[in-house]
Amino acid sequence: MSRELVARRMQSKSVKTRRLSPWRVLFGVTLLVILSTVSVFGMQQWRNDQSTATREPWFAPYIDVTATPSFAFEQMGSTDHKDAVLSFIVSSTSKGACVPSWGGVYTLEEAGNDLDLDRRIARLKQKGGNVAISFGGLNNKELAVTCTDTKKLKAAYGDVIERYDINTIDLDLEKDGLKDLTAATRRAEVLKTIQSERRAKGEQLAIWVTVPVAPQGLTKDSTDALAKLLSSKVDLAGINLMTMDYGGSKEKGVSMLDASISALKETHRQLSILYEQAGVPLTDATIWSKLGATPMIGQNDVAGEIFSLEDAEGLNAFAKSKRMGRMSSWSANRDAKCGDNYVDIKVVSDSCSGVDQEKGEFGSILGNKFSGNISSNAGTVTTSNAPSQNEKPEDNPADSPYQIWSESGAYLEGTKVVWHKNVYEAKWWNQGTLPDNPVLQSWETPWRLIGPVLPGEKPIEQAKLPDGTYPEWSGVTAYEAGTRVLFNGIPYQAKWWNEGDSPAAASSNATSSPWVPLTQAQITALNLP
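Counting of residues starts from 1 at the beginning of each chain's written sequence and follows it residue by residue. Where totals are concerned, whole chains, interfaces and linings use all residues; where local detail is concerned, this predicted model gives features only for residues with pLDDT of at least 70, and gives and counts side-chain atom pairs only at 80 or more. Only hydrogens and water are set aside when side-chain values are computed; all heavy atoms of the structure are taken into account.

### Looking at the sheet that holds strand β16 (residues 422-426)
The pairing of strands in a sheet comes from backbone hydrogen bonds and takes either a parallel or an antiparallel form.
Thought 1: DSSP calls a pair of strands paired once it identifies at least 2 bridges connecting them. Helix and strand assignments follow DSSP, with helices taken as H or I runs no shorter than four residues and strands as E runs no shorter than two, numbered in order from the N terminus. Across the sheet, which stays open at both edges, the three strands sit in the order β15-β16-β18 with antiparallel pairing between neighbours. Sheet topology places β15 (416-419) and β18 (447-452) at the edges, where each strand pairs with a single neighbour. Pairwise comparison of adjacent strand axes, ignoring direction, gives a mean angle of 30° for this sheet.
Thought 2: Pairing between β15 and β16: four bridges, direction antiparallel. Of the residues in β16, the one forming a bridge with W419 is N422. Angles shown run from 0 to 180 degrees and are taken between the N-to-C directions of axes, each axis being a line fitted to C-alpha atoms and, for helices, limited to the stretch in contact.

### What about the state of the cysteines?
Thought 1: The disulfide criterion used throughout: a pair of cysteine sulfur atoms within 2.5 Å. Within the structure shown, the criterion is met by two disulfides.
Thought 2: Two residues share a disulfide in this structure: C98 and C147, whose sulfurs sit 2.0 Å from each other. Every disulfide takes its handedness from the sign of the S-S torsion; for C98 and C147 that torsion is 95°, giving right-handed. With C98 in the loop between β3 (84-91) and β4 (100-102) and C147 in the loop between α5 (143-146) and α6 (150-163), the pair connects residues that are 49 residues apart, well separated along the chain.
Thought 3: Between the sulfur of C338 and that of C352 lies a disulfide, 1.9 Å long from S to S. In this structure the cystine formed by C338 and C352 twists about its S-S bond by roughly 85°; its chirality is therefore right-handed. Taken together, the positions of C338 in the loop between β13 (326-327) and α13 (361-366) and C352 in the loop between β13 and α13 put the pair 14 residues apart, joining distant regions of the chain. In this structure, C338 and C352 share a single accessibility class: buried.
Thought 4: By sequence order of its bonded cysteines, the protein chain has the disulfide arrangement 1-2, 3-4. Only protein chains enter the accessibility calculation, which uses a 1.4 Å probe; a residue whose area is less than 20% of its type maximum is buried, one above 50% is exposed, and one in between is partly exposed.

### Looking at the pattern of salt bridges
Thought 1: Counted as salt bridges are all cases of a side-chain nitrogen of Lys or Arg within 4 Å of a carboxyl oxygen of Asp or Glu. Inspection of the entire model under this criterion finds 20 salt bridges.
Thought 2: Here R323 makes a salt bridge to E56, at a shortest N to O gap of 3.9 Å. Note that R323 is positioned in the loop between α12 (309-322) and β13 and E56 in the loop between α2 (22-53) and β1 (58-59), a separation of 267 residues in sequence.
Thought 3: Given the relative accessible area of 36%, R323 is considered partly exposed.
Thought 4: Linking D356 and K337 is a salt bridge whose minimum nitrogen-to-oxygen distance equals 3.4 Å. Of this pair, D356 sits in the loop between β13 and α13 while K337 sits in the loop between β13 and α13; the two residues are 19 residues apart in sequence, bridging distant segments of the chain.
Thought 5: Residue classification places D356 among the exposed positions, given a relative accessible area of 59%.
Thought 6: Salt bridges sharing partners connect three or more residues here, namely E162, R198, K201 and E203.

Okay, here's the thing in structure tokens:
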């Protein structure tokens, strides 16, 4: 009910009955002010929630436009998942660095003539599908790397956007496209200008960035590239992770699914820091809505890495549970079983997956319940919707399950602490290192974030060593193998005879140190009174 309507009704009642006393008038005005204030704050919170909730997650596989045999993506309009990410636009190898081309071979005009690409895109749109265009890729030069003239670079990007009438682009940054910071500066400057000009005219342009990832998260090259775009005020629709080709970064025995989930979780943490550093702090839910995943279905480029149908089901379930914004796959060209005439399925094919499957099965699984489309979120503008990370909540020992971190404390590997309402676990012995120190690379911190302190939690009694359980370490005492001592309150056991070797060295060089700290489990097992 509007304030005007309330006022009219109050006035009507006063005429029909009697005049309101000054106190009643004052009470009514005060009530209206309170209700209005509550309404404004409530509406603002609703809008913040809605800005995340209304983002519709979408699925669209990549299509390698120049691959042989040609993939009939225009027929996807009759399937459940009609959208496609067409790849890759790069610098022409023969017509000039600032001339956009498909795969370095076909200019836009040549692709229209030789591949009938314009008509096929129009046919897909006619059948209800949408396309995004991907720039870059692994094998050629992304436009910003070789086109050093910013005016020509802007024209090149613009030609692609205008010709295919799209509102979403994808930047697949690999090799020089990822590492060349001079090119990154050009790219950011030009895309910021294009995006701003389009928005000023009421037109949309969503920009996704696709980057390599490891189970440990984004590499420094990837975080640098993203930081450059964000610091240049490019509004990124999202960051799409190439959850594939992990190589040595994936530990032996870890599944492709578990490696991919680990990569997504760690990247989520890194993106929170990147957006905070860019002055746009975002909620956890918003960060998840800005994340996408693109597995290489079936046999990956790395021998022995196979992304299975079961992995696809698990990744889809995880993505839905987090309400991630996007799912893709590399590629629709490969979403089929290899024929009997394909000699070695352990060797990657451009036209089949190398695993036993039905045609299009990976797409059906990965895209399950991703009901949005490429264009559904193209108009979303990123705005800060979270308190700055500088505003830290206070910890209370009474409702903290573990000890609250202290700068003077020394923490063994596996020790859990509470800091700013979150639980952290020590990856190795450390002292004086903030658990929530905003490092982008996980190896830079000795702490692993486990999760938030839950409502109603109480302190968990920790195993402790009574005073005098072991003697304090002394630099002038000789210790036999197996001897136990206390150092800064932490129990250590000698691995071999030593004298003058401080247990402190065990944290920096565990192999050569004669001391090893007792774990929490070992302390508990002592069963001391």
